[in-house]
Structure formats: structure tokens, C-alpha cells
Amino acid sequence: MSKGRIAFQGELGANSHEACLAAFPDMEPVPNATFEEAFEAIKSGDCRLGMIPVENSIAGRVADVHHLLPNSGLKIIGERFKPIHFQLMANPGVKLEDLQVVQSMPIALAQCRRTVRRLKLKTEAVGDTALAAKLLAEKPDPRRAAISPALAAELYGLEILARDIEDEHHNTTRFLIMTADPNPPAPPFTAPCITSFVFRVRNIPAALYKALGGFATNGVNMTKLESYMENGAFTATFFYAEVDGRPEDRGLARAFEELQFFSERFEILGVYPADPFRERG
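A quick note: this is a predicted structure, and the numbers were derived from the prediction, not measured.

A. The arrangement of unusual backbone geometry in detail. Within the chain, Lys120 stands out as a residue other than glycine whose phi angle is a positive 55°. Considering the arrangement of structural elements, one finds Lys120 in the loop between α5 (113–118) and β8 (122–125). Judged by its relative accessible area of 74%, Lys120 falls in the exposed class. For Asp164, which is not glycine, the phi dihedral falls at a positive 50°.

This is the structure in C-alpha cells:
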């Protein structure tokens, strides 16, 4: 098993690639076409860690990831918040006035709508921001540009014609750092921590209300609660949640005890230090 590889979804040059380099500069980022493949790379031991996006401040949660997490067998050992910036790039020598078409993934095109409109560019969707840059490098076209992260321009030999063109500069993506280690080392007690877990409530009246009551009465701050359909059934009985604190904290331990009394399934997915961005953001 490689000690120095970290999996991410997307092409080289993607925002996830930038997140890997920022958090683990000594590890080798390994691209994967899908989230399923990235998870498998971690589970198989091909990669020691994974950098997986779970939500964006504008676009919301990454649905594929949330459905994979509960049954992945992986543990969360960290989180990273990454400000997202998009660059307008083209083949060397191309000028802004030459451009007619811009390509990128739909969400990136939507988040750069003002610049695209101002330049009167037609848009074409591709599956990944970095892929847009890669395709342009492989097939140069003076009429085309790509909207991609800055790293993609560096990797694929493109020139940035306009920087940080996103409409909202508070655009931020939250990543989870994953491991296949079933018992990762506990975070230092000096660090504020987040605990992520999943649960399925029992089929009794007011089960969710009763299951969550212990968090309120024990003063536990729940920062996330999301429901899911399982196996195509139109019932929202399965939940992913995050709370401040550690399972051994007295208040959280009592809340978990009460939760489990009203739940058929309960599993802690990770206990990890809170990113300082939470305080800054």
C-alpha cells in the first residue's frame, strides 16, 4: 500500500486536486473518474487517503457523496474548506476578443454567468472543470476558452485571460478527508472537534423528535441533519448528522444514548478536528 497517495474525483487540475496539494503537499494526488472509483481506491489501499467534496456554499450538497458515505466502510479524519476561484483560460496567444465559446461543467458556467454574459460567449458543458482545460489543450481552438481552476492552466499549458471570474467570491467547498483505517487515531484533545454519524429511526410515532431530544437537553450543537431515501422508498427515515464535540463528552454521550434507544441503526463515521475556517467563515 502506498503511504503517499491521496485519491480525488476529477481530472488533474480540478479543485479537488488543488485541495489535496494545499492540505497534503507531500502526497501524490491520484485522479479518479467517479466518486465510486475514488472511494474504491481508498478502500483497496491503493491510496492512503481521499479528499472528497461534500457541499458547496452556493450549489449545496454533493448528492452522490452523501449516498456513498454511509455504506462506504471509510472513516472521516478531517475536513477542509476551500475558497473556489475560477479562471478564464485559452490556448497561448488567444485574446479575449477572439473568443466565441466557453466550456466548463454546468455549475462553473452558472457561477461565472456575469463574465460569460459580458463577453457574449456561448457556453458548452463538459463533465469537469479541469477536463474543459485538458480538452482545449488537446485540441487548440482560438475561438474557445475554458473556465477552470488556476492549476489546470499550469498543467495544460493554457494562458489565463481573466482571473477570479466567479460571481460570488464567498464561494466555498467543504471537503472531507477519508481513510480506510477502521480505528484512526483520535484527534488531539486541544482541538475543537466534529462528530459525523448516521442513524435510522425506529418506525414509531414521533421517533425523530424523540431521537433528537437528547441533543437539546444536553446542550449539544447539531450543525447538520440531512435525510435520505433508501432503496427507492419514499420514506425519509435515514439521516446523516454532524455535531460539535466528541462521543466521550458527557453531554454528547448522553445524547447518543437517547438517540440509539429510538434508532434501528447508529454508526459514527468520524471524529475529527474542526477546520479553523469555521471560525473565520
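B. A look at the pattern of salt bridges. Across all of its chains, the model carries 17 salt bridges by this definition. The shortest N-O distance in the salt bridge between Glu226 and Arg61 comes to 3.2 Å. Here Arg61 lies in strand β4 (residues 60–61) and Glu226 lies in strand β13 (residues 222–228), a separation of 165 residues in the sequence. The closest approach of N and O atoms between Arg278 and Glu79, which form a salt bridge, is 2.6 Å. Linking Arg278 in helix α10 (residues 277–280) with Glu79 in strand β5 (residues 75–83), this pair joins segments that are 199 residues apart in sequence. Glu79 gets classed as buried once you look at its relative accessible area, which sits at 0%. Shared partners join several salt bridges into a network, and the residues in it are Glu55, Arg61, Glu79, Arg174, Lys224, Glu226, Glu242 and Arg278.

C. Main features of the environment of Arg254. Note that Arg254 resides in helix α9 (residues 250–261). Judged by its relative accessible area of 46%, Arg254 is partly exposed. Residues Arg254 and Gly214 lie 40 residues apart in sequence; the distance between their C-alpha atoms is 6.9 Å.

D. Structural context of the sheet that holds strand β10 (residues 159–162). Here five strands make up an open sheet; going across it, the order is β8-β7-β9-β6-β10 and the pairing mixed. Either end of the sheet is taken by a strand with one partner, and the two such strands are β8 and β10. Taken over all neighbouring pairs, the strand axes of this sheet differ in orientation by 35° on average, direction set aside. Strand direction decides the pairing type here: strand β7 (residues 101–104) and β8, joined by four bridges, are parallel. From the neighbouring strand, Val101 faces β8, where its bridge partner is Lys122. Helix α6 (residues 129–138) contacts β6 (87–90), β7 and β9 (144–148) of the sheet and is inclined by roughly 150° relative to β9.

E. How the structure looks around the packing of aromatic side chains. For the structure shown, the criterion picks out ten aromatic pairs. For the pair Phe81 and Phe277, a centre-to-centre distance of 5.1 Å together with 15° between the ring planes defines the contact as stacked. Of this pair, Phe81 sits in strand β5 while Phe277 sits in helix α10, and the two are 196 residues apart along the sequence. Ring centres of Phe197 and Phe215 lie 6.0 Å apart, and the angle between their planes is 10°; this geometry places the pair in the stacked category. On the criterion of sequence distance, the pair formed by Phe197 in strand β12 (residues 193–201) and Phe215 in helix α8 (residues 207–217) is long-range, its members being 18 residues apart. Residue Phe197 is classed as buried on the basis of its relative accessible area of 0%. With relative accessibility at 3%, the residue Phe215 sits in the buried group. A cation sits over an aromatic face here: Arg202 above Phe261, 5.8 Å from the ring centre. The positively charged end of Arg246 is found above the aromatic ring belonging to Phe189, 4.4 Å away from the centroid.

F. The arrangement of the packing of α8 against α9 in detail. Interaxial distance between α8 and α9 falls to 8 Å at its minimum, and their mutual angle equals 170°. In terms of their interaxial angle, α8 and α9 are classed as roughly antiparallel. In this structure, α8 contributes Lys210, Ala211, Gly213, Gly214 and Phe215 to the contact, and α9 contributes Leu252, Ala255, Phe256, Glu258 and Leu259.

G. Layout of the nonpolar core. Ranked by internal contacts, the top residues of the largest apolar core, which has 23 residues, are Ile52, Val65, Leu69, Ile76, Leu176, Met178 and Tyr240. Secondary-structure elements contributing two or more residues to this core are α2 (35–43), β3 (49–56), β11 (172–179), β12, β14 (238–244) and β15 (263–273). Excluding its chain neighbours within four sequence positions, the residues that come into contact with Val65 are Phe35, Phe39, Ile52, Pro53 and Val54. Grouped together as the second largest cluster of nonpolar side chains are 16 residues, Val94, Leu99, Val102 and Ile165 included.

Here is what the cut-offs are and how they apply
Residues numbered from 1 in each chain as written. Predicted model: local features only at pLDDT ≥ 70, side-chain atom pairs only at ≥ 80, totals over all residues. Heavy atoms only, no water. Helix = DSSP H or I, 4+ residues; strand = E, 2+ residues; numbered from the N terminus. Buried < 20%, exposed > 50% of the residue type's maximum accessible area, 1.4 Å probe, protein only. Salt bridge = Lys/Arg side-chain N within 4 Å of Asp/Glu carboxyl O. Pairing = 2+ DSSP bridges. Axes fitted to C-alpha atoms, helices over the stretch in contact; angles between N-to-C directions. Contact = heavy atoms within 4.5 Å. Phe/Tyr/Trp six-rings, centres within 6.5 Å; stacked < 30°, edge-to-face > 60°. Lys NZ or Arg CZ within 6 Å of the ring centre and 35° of its normal. Parallel < 35°, antiparallel > 145°, perpendicular 65-115°, else oblique. Core = buried A, V, L, I, M, F, W, Y, C linked by side-chain atoms within 4.5 Å.

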